[in-house]
Amino acid sequence: MSERHRPRIAITYCTQCQWLLRAAWMQQELLSTFTEDLAEVALIPASGGTFVIAYDGDTIWDRKRDGGFPDVKTLKQLVRDRLDPARNLGHIDR
């Protein structure tokens with residue numbers, strides 16, 4: 001019996017910009033919503049204004065490319081769309 005794939009989310013954040021709390025909050029939101037579905041949500045310190053969120057190595061949000069930070073609704077939808085597109089996120093999808 002094979003175990004289903006559970007993806008890794010990586011949030012790379014700028015320590016110089018003091019974005020740890022924002023990254024940790026997004027980490028908590030993802031872990032709360034996708035409790036059994038994710039292998040991990042890692043926080044990776046960086047510099048230079050970096051704030052990048054990757055799903056199994058593929059960038060799903062880049063602050064510089066996408067213009068700022070995702071709101072939690074958008075982030076959860078981006079993860080859901082890759083993880084299980086048919087999944088209903090309840091009030092977030094309204």
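Here, the structure is the one placed above.
Residues numbered from 1 in each chain as written. Predicted model: local features only at pLDDT ≥ 70, side-chain atom pairs only at ≥ 80, totals over all residues. Heavy atoms only, no water.

Teacher, can you tell me more about the packing of helix H1 (residues 20-33) against helix H3 (residues 72-83) here?
For any two helices packed against each other, the geometry comes down to the angle between their axes and how far apart the axes lie. Closest axis-to-axis distance for the H1/H3 pair is 11 Å, and the angle between their directions is 50°. Here H3 runs oblique to H1, going by the angle between their axes. As for how H1 packs across H3, the hand of that crossing is right-handed. The residues of H3 that touch H1, namely those facing Trp25, Met26, Glu29, Leu30 and Thr33, are Val72, Leu75, Lys76 and Val79. (Axes fitted to C-alpha atoms, helices over the stretch in contact; angles between N-to-C directions. Helix = DSSP H or I, 4+ residues; strand = E, 2+ residues; numbered from the N terminus. Parallel < 35°, antiparallel > 145°, perpendicular 65-115°, else oblique. Left-handed = near helix turned anticlockwise from the far one by under 90°. Contact = heavy atoms within 4.5 Å.)

Help me understand the nonpolar core, please; the structure alone is not making it clear to me.
Generally speaking, nonpolar side chains in soluble globular proteins are found buried as a group. Membership of the largest hydrophobic core comes to 20 residues, with the highest contact counts inside it found for Ile9, Ile11, Leu30, Phe51, Ile53 and Val79. Going through the elements one at a time, strand E1 (8-14), H1, strand E3 (51-55), strand E4 (58-62) and H3 are the ones with two or more residues in this core. Other than its neighbours up to four places away in sequence, Ile11 contacts Ala23, Met26, Gln27, Val41, Ala42, Leu43, Ile44, Phe51, Val52 and Ile53. (Core = buried A, V, L, I, M, F, W, Y, C linked by side-chain atoms within 4.5 Å. Buried < 20%, exposed > 50% of the residue type's maximum accessible area, 1.4 Å probe, protein only.)

How do you make sense of the pattern of salt bridges when you look at a structure like this?
Side chains that carry opposite charge are capable of pairing whenever their charged atoms lie near each other. The final tally for this structure, using the stated rule, is 7 salt bridges. Linking Arg4 and Asp37 is a salt bridge whose minimum nitrogen-to-oxygen distance equals 3.3 Å. Of this pair, Arg4 sits in the segment before E1 while Asp37 sits in the loop between H1 and strand E2 (40-46), and the two are 33 residues apart along the sequence. For Asp37, a relative accessible area of 16% gives the class buried. (Salt bridge = Lys/Arg side-chain N within 4 Å of Asp/Glu carboxyl O.)

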